[in-house]
Amino acid sequence: MQKMPKWADVALIPLLNLLIAFVLSGLVILAIGENPIKALQTMITGALGSTYGWGYTLYYATNFIFTGLAVSIAFKAAMFNIGGEGQAMIGGLGVALVCLYIPFPHWSVALLFAMAGGAIFGAAWAFIPAYLQARRGSHVVITTIMFNFIAASLLNYVLVNVLRPQGEMNPQTAAFPEATHLPTLHEVLAPIGISFSKSAPVNVSLFVALAACVIVYLLMWRSRLGYEIRAFGLSQDASVYAGISPFKIIMVAMLLSGGLSGMMSINNTMGEAERLVLNSVEGAGFIGIAVALMGRNHPFGVLLAALLFGFLYQGGSELSLWTKIPRELVTVIQALVILFTGALDNMVRGPVERIFIRAAKRGAN
């Protein structure tokens, strides 16, 4: 039987899913008495109409690139890592400890150590679920969900009882030393004469995220380890027959996934807040699941999907600020995109596949 073309799988179906989600969102907006066209214009202007809007869109996208890549690696090994949220929280703790307790001469050195701290702490938080899956058969979905709650409680305890400065009411650490402050995109572009908003939080972490896309691509499609991970994900029995160790693949894939989630904190903790605060992850670990699904678990697709969700986050914020559309409805719009690009993907895929099969049969005749 003829298969659907690759371009239809990676481009046409996601676009159709996105179109359906936006049409339904427009109907919901229309139902509450607002103009969906005006709402879309507000989102586009707020997210893409100025360097300020672009700065926030790219800031959110940076978070989603890290978590999307993390989920995609686990997916390639046939594992559903829902623990990106908790791994990013603990990764933030690693970043904070590095920035607070190691003196650095320059932000570039601090960034390297913070990346290592976030990755090590994030990977360490993924280690136990990975080990339980590899040795005991405990499903990684269940264990990673449980570890999200444990991470939230642990971080809350550490911020309130250990790292909170004396006299500080909010559950947060002290401000990081100035030598650890990352340059914003405004500071990066100013020397070459490009004007960018000073208020936008996007920083050099964006370039780290883009580099991570390239590295993950080379790892997954140009290395022996990546081949083994993908082979294991396609058929565990066949990979075992070929001499691939299930324990090794499960552990390595989950540690890589946890490490990438933990590295997200160089953006929000080190780059934006310049201290560790409670709830700094803001759901980016869960959004990473939708980003990976929509991006078809490919780094380039993850990048595009992260930009889309960055647009939705920033555009949604502007929508609730400048219109009468409540913030909860903005969340509904984001949920519809997640629903159709993830859970209901096969609802569109089936009819599209049948259309291509019929077209192929007619061409053969």
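All of the points below concern the structure found in this document. (Residues numbered from 1 in each chain as written. Predicted model: local features only at pLDDT ≥ 70, side-chain atom pairs only at ≥ 80, totals over all residues. Heavy atoms only, no water.)

## Side note on the packing of helix α2 (residues 36-48) against helix α3 (residues 51-76)
Our working definition: Axes, fitted as lines to C-alpha atoms, cover a helix only where it is in contact. Angles between the N-to-C directions of the axes lie from 0 to 180 degrees. Secondary structure elements are defined from DSSP: runs of H or I of at least 4 residues count as helices, runs of E of at least 2 residues count as strands, and each element is numbered from the N terminus. Here roughly perpendicular refers to angles of 65 to 115 degrees, roughly parallel to angles under 35, roughly antiparallel to angles over 145, and oblique to all remaining angles. Contact between two residues is taken to exist if any of their heavy atoms lie within 4.5 Å; hydrogens are not considered. Gly falls in the polar group here, along with every residue not listed as nonpolar (Ala, Val, Leu, Ile, Met, Phe, Trp, Tyr, Cys, Pro) or charged (Asp, Glu, Lys, Arg).
For the pair α2 and α3, interaxial distance at closest approach is 5 Å and the crossing angle is 85°. Judged by the angle between their axes, α2 and α3 are roughly perpendicular. Between α2 and α3, the contacting residues are Gly46, Ala47 and Leu48 on the first element and Gly53, Trp54 and Thr57 on the second. By residue class, the composition of the contact of α2 with α3 is three nonpolar, three polar and no charged.

## Quick look at the nonpolar core
As a reminder, the rule being used: What we call a nonpolar core is a set of buried Ala, Val, Leu, Ile, Met, Phe, Trp, Tyr and Cys residues that are connected through their side-chain atoms within 4.5 Å. For every residue, the accessible area (1.4 Å probe, protein chains only) is compared with the maximum for its type, and the residue is labelled buried under 20%, exposed over 50%, or partly exposed between those bounds.
By size, the foremost hydrophobic cluster in this structure holds 94 residues, and its most contacted members are Phe64 and Phe309. For this core, the element with the most residues is α3, which contributes eleven residues. In contact with Phe309, other than residues within four places in its own chain, are Phe64, Ile287, Ala290, Val291, Met294, Val337 and Ile338.

## Structural notes on a positive patch on the surface
The test is simple: Each patch is built from residues that are more than 30% exposed by relative accessible area and take part in no salt bridge. Like charges join if they lie within 9 Å; nonpolar side chains (Val, Leu, Ile, Met, Phe, Trp, Tyr) join within 5 Å. All accessibility values rest on the Shrake-Rupley procedure with a 1.4 Å probe; residue burial counts only the protein chains present in the view. One side-chain nitrogen of Lys or Arg within 4 Å of one carboxyl oxygen of Asp or Glu is enough to make a salt bridge. We treat Lys and Arg as the positive residues and Asp and Glu as the negative residues; His and chain ends play no part in the count. Lys charges are placed at NZ, Arg charges at CZ, Asp charges at CG and Glu charges at CD.
Taken together, Arg354, Arg358, Lys361 and Arg362 make up a surface patch of like positive charges. Owing to a relative accessible area of 46%, Arg358 belongs among the partly exposed residues under this scheme.

## Examining the side chain of Thr180
Mapped onto the elements of the fold, Thr180 is located in the loop between α6 (140-163) and α7 (185-189). Not counting the four nearest positions on each side in its chain, Thr180 is found in contact with Cys99, Phe104, Trp107, Ala110 and Met270.

## Things to note about the pattern of salt bridges
Scanning all chains against the criterion turns up four salt bridges. Across the salt bridge formed by Arg224 and Glu228, the nearest N and O atoms sit 3.4 Å from each other. One end of the pair is Arg224 and the other is Glu228, both in helix α9 (residues 224-234) and four residues apart, which spans about a single turn. Residue classification places Glu228 among the buried residues on the basis of a relative accessible area of 9%. Beyond isolated ion pairs, a larger network of salt bridges with shared partners links Asp9, Arg296 and Arg349.

## Focus: unusual backbone geometry
For Ala78, which is not a glycine, the phi torsion comes out positive at approximately 65°. You can see Ala78 is positioned in the loop between α3 and α4 (84-101). A positive phi angle, close to 65°, is found at Asn279, a residue other than glycine. Tracing the backbone shows Asn279 in the loop between α12 (265-273) and α13 (284-294).

## Concerning the packing of aromatic side chains
Applied cut-off: Here is the rule: rings of Phe, Tyr and Trp (six-membered ring for Trp) pair when centre to centre is within 6.5 Å. Planes less than 30 degrees apart are stacked, more than 60 are edge-to-face, and the remainder are tilted.
Under the counting rule described, the total for this entry stands at twelve aromatic pairs. Both rings, one in Phe64 and one in Tyr313, keep their centres 5.2 Å apart while their planes meet at 75°; by these two values the pair is edge-to-face. Placement of Phe64 in helix α3 and of Tyr313 in helix α14 (residues 299-322) is noted, with a sequence separation of 249 residues between them. Residue Phe64 is classed as buried on the basis of its relative accessible area of 2%. Residue classification places Tyr313 among the buried positions, given a relative accessible area of 14%. Their ring planes at 20° and their centres at 6.2 Å tell us that Phe127 and Tyr131 sit as a pair that is stacked.

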